[in-house]
Amino acid sequence: MSSLASSLSRSFVHSPVLTLPLCRAKSLTFPINGYPALATTKQAGFSKLRISCNAQLAELAPAASGVYGTLLFGGGLFAFAKSGSKGSLAGGVCGAVLMATACYLMQMPETKVFGDALGFGSAFIFSAVFGIRLVATRKLVPAGLLLGLSVFSAFVFVSAYLQDRI
């Protein structure tokens with residue numbers, strides 16, 4: 001088995017690569033000699049899988065705001081349907097509107113920084129709200145999951161803001 005792995009890895013060392021466009025002029029690279037996604041490097045006799053996306057978080061922020069806003073809206077609707085919570089419905093609608101606005105602003109180069117800042121501020125506020133709810137209820141679902149999602153979204157937006165600012 002080791003000889004098979006070493007012969008495969010030797011055959012991929014100088015293999016041509018196929019570069020596919022991904023995330024606005026970034027690329028995803030595959031060896032193209034019949035075995036897609038096998039490595040071009042050898043480590044301890046085994047080939048190593050190499051798939052890479054060179055996308056910056058600034059490019060993924062509009063999609064993240066769309067997904068985050070959709071999840072906030074869906075969560076608000078679900079909470080309203082299940083328990084009649086008007087506060088959850090209002091929070092979900094407000095979150096969806098804020099994320100839709102942030103996504104719209106991120107589409108234009110001259111307002112991209114404002115969209116990143118709006119997305120970060122909204123995600124930060126929702127992180128605080130869900131953190132308070134998690135401490136008060138001590139229930140991982142839904143407050144803990146939404147806290148994790150909000151913190152991750154805030155991280156994406158602040159990273160995008162810092163990349164766009166520089």
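Everything numeric here is computed off the predicted structure, so don't read it as measured data.

Caption draft 1: Geometry of the overall build of the protein chain. A count of helical and extended segments in the protein chain gives 5 helices and 4 strands. Listed by position from the N terminus, the elements making up the protein chain come as α-β-β-β-β-α-α-α-α. Evaluated residue by residue, the protein chain yields a buried proportion of 31% over its 166 residues. Long-range pairs, those at least 24 residues apart, make up 51% of the contacts in the protein chain with a sequence separation of at least 6. Summed over all atoms, the accessible surface of the protein chain reaches about 10100 Å², with 71% contributed by carbon and sulfur.

Caption draft 2: Fine view of the pattern of salt bridges. Applying the stated rule across the entire model yields 1 salt bridge. With a shortest N-O distance of 3.8 Å, Lys-112 and Asp-164 are connected by a salt bridge. Separated by 52 residues along the polypeptide, Lys-112 in helix α4 (residues 112–137) and Asp-164 in helix α5 (residues 140–165) bring together distant segments of the chain. For Lys-112, a relative accessible area of 13% corresponds to the buried category. Judged by relative accessible area, Asp-164 falls into the partly exposed class, the value being 24%.

Caption draft 3: Geometry of the packing of aromatic side chains. Using the criterion set out here, one finds 2 aromatic pairs in the structure. Ring centres of Phe-120 and Phe-124 lie 6.0 Å apart, and the angle between their planes is 35°; on these two criteria the pair is classed as tilted. Residue Phe-120 and its partner Phe-124 are both found in helix α4; the two are separated by 4 residues, about one turn of the helix. For Phe-120, a relative accessible area of 30% gives the class partly exposed. Look at Phe-126 and Phe-130: their rings are 6.0 Å apart centre to centre, the planes differ by 25°, and that puts the pair in the stacked class. Taken together, the positions of Phe-126 and Phe-130, both in helix α4 and 4 residues apart, correspond to about one turn of that helix.

Caption draft 4: Representation of a nonpolar patch on the surface. A cluster of nonpolar residues, Phe-73, Leu-77, Val-93 and Val-97, forms a patch on the protein surface that exposes about 310 Å² of accessible area. For the nonpolar patch, the secondary structure elements donating two or more residues are α2 (57–83) and α3 (86–106). Following the sequence through the fold, Val-97 ends up in helix α3.

Caption draft 5: A look at the environment of Phe-152. With respect to the helices, strands and loops of the structure, Phe-152 is situated in helix α5. Between the alpha carbons of Phe-152 and Ala-123 there is a distance of 8.7 Å; along the sequence they are 29 residues apart.

Caption draft 6: Looking closely at the UniProt feature "transmembrane region" (unreviewed entry) in the protein chain. Mapped onto this numbering, the UniProt entry annotates "transmembrane region" (unreviewed entry) at residues 57–81, 87–105, 117–136 and 142–162. Structurally, residues 57–81 is divided into 100% helix and 0% strand, and its ends, taken at the C-alpha atoms, are 35 Å apart. Each end of residues 142–162 is marked by a C-alpha atom, and these two atoms are 30 Å apart; helix forms 100% of the span and strand 0%.

Each value, and the rule that gives it
Residues numbered from 1 in each chain as written. Predicted model: local features only at pLDDT ≥ 70, side-chain atom pairs only at ≥ 80, totals over all residues. Heavy atoms only, no water. Helix = DSSP H or I, 4+ residues; strand = E, 2+ residues; numbered from the N terminus. Buried < 20%, exposed > 50% of the residue type's maximum accessible area, 1.4 Å probe, protein only. Contact = heavy atoms within 4.5 Å. Areas by Shrake-Rupley, 256 points an atom, 1.4 Å probe, with all protein chains shown as cover. Salt bridge = Lys/Arg side-chain N within 4 Å of Asp/Glu carboxyl O. Phe/Tyr/Trp six-rings, centres within 6.5 Å; stacked < 30°, edge-to-face > 60°. Patch = residues over 30% accessible without salt bridge, like charges linked within 9 Å, V, L, I, M, F, W, Y side chains within 5 Å. UniProt positions renumbered as here; feature names shortened; annotations may be inferred.

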